[in-house]
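# Topology and contacts: notes
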Amino acid sequence: MGSKAKPQASEAHLTTPTRLTGAEIVWATLVGEGVTDVFGYPGGAILPVYDALRKFPIHHTLVRHEQGAAHMADGYARASGKVGVAIATSGPGATNLITGIATAMLDSIPIVCITGNVSSKILGTDAFQEVDITGITLPVTKHNFLVNRVEDIAPAIRHAFQIARSGRPGPVLVDITKDAQQASAIFDFAAAEPRPYRPHPMLKVEASGLAHAAELIRNAKRPVILAGHGIMESGAMEQVRTLAERAQIPVALTLLGLGGFPASHPLNLGMMGMHGEAWVNHAIQEADLLIACGMRFDDRVTGSTSTYALKAKKIHIEVDPSEINKNIKVDVALVGDLRAVLEDLLPLVPGRDGSAWLKTIDASKGAVAVRDIKNLPDSGHLYAAHVVHDLWRITGGNAIVVTDVGQHQMWEAQYFHHEKPRTLITSGGLGTMGFALPAAIGAKFACPDKEVWVIAGDGGFQMTAAELSTIVQEGIKINIAIINNGYLGMVRQWQEFFYERNYEATPLVSPDFVKLADAHGISGRAVHTRAEVAEVVAEARSHNGSFLINFMVEKEDAVYPMIPAGNALHEMIRRPGKSPIVETPDDK
Amino acid sequence: MTNSSLSKEQEAIMTHTFVAYVEDMPGVLTRVASLFRRLNINIHSLTVGRSERPGLSRLTLVCEASAEAGHRIRASLFKLENVVDVDDIAQAPSVTRELALIKVAATPQNRSQIFELVEVFRARIVDLAPESLMIEMTGVESKIEGLIQVLNEGEERILEICRSGKMTMRRGHHTSRVLRAMGAGAEDKSEAAEPAENLEAGAAVEPE
C-alpha cells in the first residue's frame, strides 16, 4: 500500500535490538515470522496495535465480522501451508472469533489469533468489553497466552507460531492487554525465540512396528490405503503415491484428504464414508488390511465402529498419539510424521501384484456408475451435481474451490475431481456453515494468481454474506457459485429420510442474490437450466472482478449414497433405481 | 452399540493415578482440569506442589476411567503445552499417602479417650484448645477413613475435616528423572511385569 513508511526501516528491528512499544512489537514480531497478510477488525482494546500498523510492511484486510477474520486466516493457511493471522479487539470481537478458531482446531489448521484485552489493572473486573477469552478458547485452541507485560509479547507470539505449525497443527490465541501494547521495551527478535520444539513424548516408530507393517502389507490380499488430511500437513503426497503404486494398493480418501492423491490416478477409489461411493465403502468393509495415513477414523468415515472393517488388520500412521485406538483399535501404530514414517517404511515394502483385488473392486462399481447423474441424459433440469461437474470440466480442475457445508459440499467432493493438494478448502470436522466466502478471501490472498471459486448453499452463504463488501474493498476477484435450492438442503434430506418428510424450519427465503451482489458492486447472473451453465461460468471467469452466479437447482435433490449416522459402512441408502433424483411436486 | 459391548466397557472402569510435572504458572491447573471436564470424568483427588525440578510443579490426579482411556488421557495431557511429564501409575507398585487434619470437639474431661485413639492410629495431636483439639494424620486413604469412622462412632463430635488428597510415588528407581530419560514414560507392560525389581526397596507390602 502506498501510504506505508519505508519497510526497510522496520525490518532493521529484526536484526538490531530496538526500543519499541508493545503495539509495534506485535507487528515487528509478525514481520519476523514472515507474515505479509492479516485479517482483522479494530476496536478499543486493540487500537494501539492498529495505530502502529502503518509502520510495517503487512497488509491488513478489514473484515465485516470477526468470524470472517478467523475463517480468512484459516483459508489462507489451508491454501498456502503457512500460518494465518487474525486480529480482533476484546470482548465481542474476541468471542466472534470462536467459531472460526474451533473450525481450525477440528481440522488441524495453523492460525494465530491476536486479541486486545483491557488494561491489566482492570482485568477481571467486568470492565467494558472485557471477556475471559483465554478461558473461553481453552478447549478450542492448541494453546493460548494471556500477555500483560510488554516484555512477554514477542516471546508469546513467536511461541504461538511454533505451536501452531508444529506436530499436529492448530490454532493459538494471544491475548494482549492494552497497557502492554502501550508500554515499551527493547525488542530483540532473536532473543524471543521459543525453546526448541518438544515433540510429543509418545511418538513412537519402532523398527519392529515397521517390519510388522511391511509384513502385513506383503501378506495382504485385499489392502486399502485410507488417506487423510495428514498427507497435506506432512507433505507426504509422493510417499503415499509410491506406496500405493509399488504395492498396487487402492487409495480411499477422507473429505480433507481430497487432492492429496490425484483423482485421475487409477488406484484412486475416491472419497470414503457417509457420502462415499458404494464401492469405496464396500472395499473398506471387505478389506483384509487398512493402512490409515494421517486420518483419525472420524465417525463420518467409519459409520458404526462396532461393524467397521471387521475383516481387516489395521495399520495407523498418525502424528497425534491421542488418536491411536481412539475410535478404532489398530494392530500396528506408527506414531510419527506421516512422511517420515513412510520414508522408513517404503524400503521394506516390495512390489506386489494387486490386480485380483483391484478387479474385484472395479467389478463392484458396475450398475452404480450407470445411475450416476453425470451419466444420464440432460433433462433440461438443473441439478447441483451438474453444476459442480460442469465447473470442474470448465475450469480444468485447476481452481481452488472453497465450499461451505451441506449438500453442495458433498456434491463438490463427489463431482469436482481434485488432482492437487490444497485445491479443496472445506470445513470438515466442525462443519461450519458460513465458512466458504471468508475462507475463499483468505485463500485468494494466499494464492493471488489462482482462480478461486466459492461453492455455497443459499443457507450458509447468508451466514457470512456481509464479507462481499470485504471483497469489493480489497478489489480481489472471487467467483461465487450459490447452489440455491430454497432449503437448508442437508437438513431437509435428513428430514426426508429420517423424520417422515417433516420439513420443519428448512424451507428458506433468500434475497435475490444477484441483486445482493449488485448492491455490493459485484456482477452476477442467475442460471435456471443446464444449457446456460457453460456460458455463464465462462462469463464469470473472464469478468474483470468478482462474479456471483445464482444456480437455481432442483429443490428436493438428495446426496447419494448415504450411510445413515450410526449404521454400518455398507448399509447405505443408494441412488434410487428408476429416477436418480427426487422430483419436485412441480414436475409431477 | 450392543448391550454386551456396553457392559464390557463398564467392567473395564478402573482407577487411574496420573503423576504429572507441569510448569508452575497461571492457568496450568485449568488446562489439566479442563481435559477431564471435557470427558465428563470426575477428579476424585488432586494434589499439587513443588517438585525436585525448579519451575515445575508435581501433581497427582486420581480418577476413574476405562482401562483404554488411560492411554488417551496421558497422550492428551502431553499435548498440553505446559505439561512436561506424565506417568499413569495405574496398578504399578507405588506408595500413596494422604494428609488429614481433623478438628474434634473435646473438653479436658474426654480428651484422654481421643489421645488413646490417636495413639492407636499413629496420628498426632497438633493443636489443643479448651473445647477442641486437632489431629494430624498421614497414611493411606483407608487408614484415614478408619480414624474418621471410629471418631464418628464414639461420643466425639468431628467439627472439621481437611484432607490433602492423594500423593503418589512409584516404588523403586522410577524417579521423574528416569522417566524423563526414558522419554515415553513408564506405561510399558514390561515394567509392570518386573515385581522383583520393585521388591528391592524391601517394601512390597504397604505398611499400615
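Residues numbered from 1 in each chain as written. Chains lettered and ligands numbered in written order. Predicted model: local features only at pLDDT ≥ 70, side-chain atom pairs only at ≥ 80, totals over all residues. Heavy atoms only, no water.

Across its full length, chain A holds 24 helices and 20 strands. A compact globule built from 588 residues would reach a C-alpha radius of gyration of about 25 Å, and chain A, at 25 Å, matches this within 12%. Overall size of chain A, expressed as C-alpha extent along the three principal axes, is 70 × 65 × 40 Å. Put simply, chain A has 588 residues, and 59% of those count as buried. (Helix = DSSP H or I, 4+ residues; strand = E, 2+ residues; numbered from the N terminus. Rg over C-alpha atoms; globule rule 2.2 N^0.38 Å. Buried < 20%, exposed > 50% of the residue type's maximum accessible area, 1.4 Å probe, protein only.)

Bringing the overall build of chain B into the picture now. Each helix and strand counted, chain B has eight helices and nine strands in total. Burial statistics for chain B: of 208 residues in total, 43% are counted as buried. Expressed as a percentage of contacts within chain B between residues at least 6 apart in sequence, the contacts between residues at least 24 apart total 71%. A total of about 11700 Å² of accessible surface is found on chain B, and carbon and sulfur atoms cover 53% of it. (Contact = heavy atoms within 4.5 Å. Areas by Shrake-Rupley, 256 points an atom, 1.4 Å probe, with all protein chains shown as cover.)

What follows concerns the pattern of salt bridges. Counting across every chain of the model gives 34 salt bridges over all chains. Among the salt bridges present, the one from R158 of chain A reaches E33 of chain A, with a minimum N-O distance of 3.0 Å. Placement of R158 of chain A in helix α8 (residues 153-165) and of E33 of chain A in the loop between α2 (22-32) and β2 (37-40) is noted, with a sequence separation of 125 residues between them. For the pair R158 of chain A and E33 of chain A, a shared accessibility class is recorded, and that class is buried. With a closest N to O distance of 3.6 Å, K103 of chain B and E160 of chain B form a salt bridge. In this pair, K103 of chain B sits in strand β5 (residues 94-105) while E160 of chain B sits in strand β8 (residues 157-163), placing the two residues 57 residues apart along the sequence. In this structure K103 of chain B comes out as partly exposed when scored by relative accessible area, which is 25%. Looking at E160 of chain B, the relative accessible area reads 48%, which means it is partly exposed. Salt bridges sharing partners connect three or more residues here, namely R168, D320, E323 and K326 of chain A together with K79 of chain B. (Salt bridge = Lys/Arg side-chain N within 4 Å of Asp/Glu carboxyl O.)

Time to look at the pairing of strand β9 (residues 223-227) of chain A. Residues and elements named next belong to chain A. Where burial is concerned, most of β9 is hidden: five out of the five residues are buried. Judged from the five bridges that link them, β9 and strand β12 (residues 289-293) form a sheet pairing that is parallel. Following the sheet pairing, P223 is matched in β12 by L289. Inspection of the sheet shows β9 paired to strand β10 (residues 251-253) by three bridges, in the parallel sense. Residue pairing across strands places I225 opposite V251, the latter belonging to β10. (Pairing = 2+ DSSP bridges.)

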